[in-house]
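Structural features, examined
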Amino acid sequence: SQELEQSPQSLIVQEGKNLTINCTSSKTLYGLYWYKQKYGEGLIFLMMLQKGGEEKSHEKITAKLDEKKQQSSLHITASQPSHAGIYLCGATGGAQKLVFGQGTRLTINP
Amino acid sequence: DGGITQSPKYLFRKEGQNVTLSCEQNLNHDAMYWYRQDPGQGLRLIYYSQIVNDFQKGDIAEGYSVSREKKESFPLTVTSAQKNPTAFYLCASSMVGAGYTEAFFGQGTRLTVV
């Protein structure tokens with residue numbers, strides 16, 4: 001079955017700095033999702049990528065899917081305290097099975 | 001407003017008891033999912049369903065059971081066979097069809113064994 005590996009598992013950055021989170025798949029990605037979670041709450045959808053080389057942005061967050069469709073990155077520019085949380089990548093394999101990586105816990109220091 | 005609702009938010013269970021977590025959606029989604037999240041970890045898939053009266057095991061189905069008698073509802077029962085049930089449980093739903101669409105999540109149920 002499809003497995004997603006996120007790196008790093010934990011990230012601490014100073015406010016205003018840029019950062020990148022990576023998501024690597026054991027199989028070709030056909031639907032790659034990025035979500036954000038605050039502790040003890042549900043997941044908030046950020047972006048979805050489908051095509052190799054695709055890039056999407058929303059405010060200060062940019063997500064990319066590589067040409068081979070096996071790796072995605074999430075980049076945050078000029079980080080703010082509101083960006084703190086857990087970021088998860090998810091992917092849909094066959095038969096609508098939606099699986100997730102282990103998450104990246106992001107802390108923003110003022 | 002359309003959405004997905006999980007209840008209760010907090011649940012306490014004695015060892016050896018079965019307990020059922022509720023998940024209801026009014027988004028007219030065909031697919032529904034149950035995940036388990038442990039501290040510091042990501043989401044692990046327990047069960048998922050693409051259509052009424054049908055469901056498939058995920059990666060950690062042992063000790064859990066589900067039913068899908070109605071499109072809107074996908075309850076999860078944590079049985080006494082689940083040896084370590086204390087965790088945060090999340091339910092999600094999504095459309096099924098051409099292309100890929102995002103899944104919508106409930107706010108979760110935190111289950112604690114006492």
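All of the points below concern the structure found in this document. None of the values given here were measured: they were computed from a predicted structure.

Quick look at the overall build of chain A now. Along the backbone of chain A there are zero helices and 11 strands. Along its sequence from the N terminus, chain A presents helices and strands in the succession β-β-β-β-β-β-β-β-β-β-β. Scaling as 2.2 N^0.38, a compact globule of 110 residues should have a C-alpha radius of gyration of about 13 Å, and chain A matches this with 13 Å. In terms of overall dimensions, chain A has C-alpha extents of about 45 × 30 × 20 Å along its principal axes. Here chain A, with 110 residues, has 49% of them falling under the buried criterion. When the accessible surface of chain A is totalled, it reaches about 5,300 Å², and 47% of it is carbon and sulfur. When the 12 positive and 9 negative side-chain charges of chain A are each reduced to one mean point, those points stand 1 Å apart.

A separate point is the side chain of glutamine 6 of chain A. Residue and element names in this part refer to chain A. By the element assignment, glutamine 6 lies in strand β1 (residues 4–7). Residue classification places glutamine 6 among the buried positions, given a relative accessible area of 1%. Within polar-contact distance, the side chain of glutamine 6 engages the backbone oxygen of tyrosine 87 at 2.9 Å.

Reading the values: the criteria
- Residue positions within a chain follow its written sequence, with the count starting from 1.
- As a convention, the first chain written is A and the first ligand written is 1, with the rest following in written order.
- With pLDDT at 70 or above as the cut-off, local features in this predicted model cover only qualifying residues; side-chain atom pairs require 80 or more to be listed or tallied, and sums for whole chains, interfaces and linings still use all residues.
- Hydrogens and waters are ignored; side-chain quantities use all the structure's heavy atoms.
- Where helices and strands are cited, they refer to DSSP runs of H or I of at least four residues and of E of at least two residues respectively, numbered from the N terminus.
- As defined in this context, the radius of gyration uses C-alpha atoms, and a globule is described by 2.2 Å times the residue total to the power 0.38.
- Throughout, exposure labels follow a simple rule: accessible area from a 1.4 Å probe, protein chains only, divided by the maximum for the residue type, with under 20% read as buried, over 50% as exposed, and the rest as partly exposed.
- Note on areas: these come from Shrake-Rupley sampling with a 1.4 Å probe, and a residue is covered only by the protein chains present in the view.
- Counting rule applied: Lys, Arg positive; Asp, Glu negative; His and chain ends not counted.
- One atom stands in for each charge, and that atom is NZ of Lys, CZ of Arg, CG of Asp or CD of Glu.
- Any pair of N or O atoms that falls within 3.5 Å is considered a polar contact. Within protein, one atom must be able to donate a hydrogen and the other to accept it, and sequence-neighbouring residues count only if both atoms are side-chain atoms.

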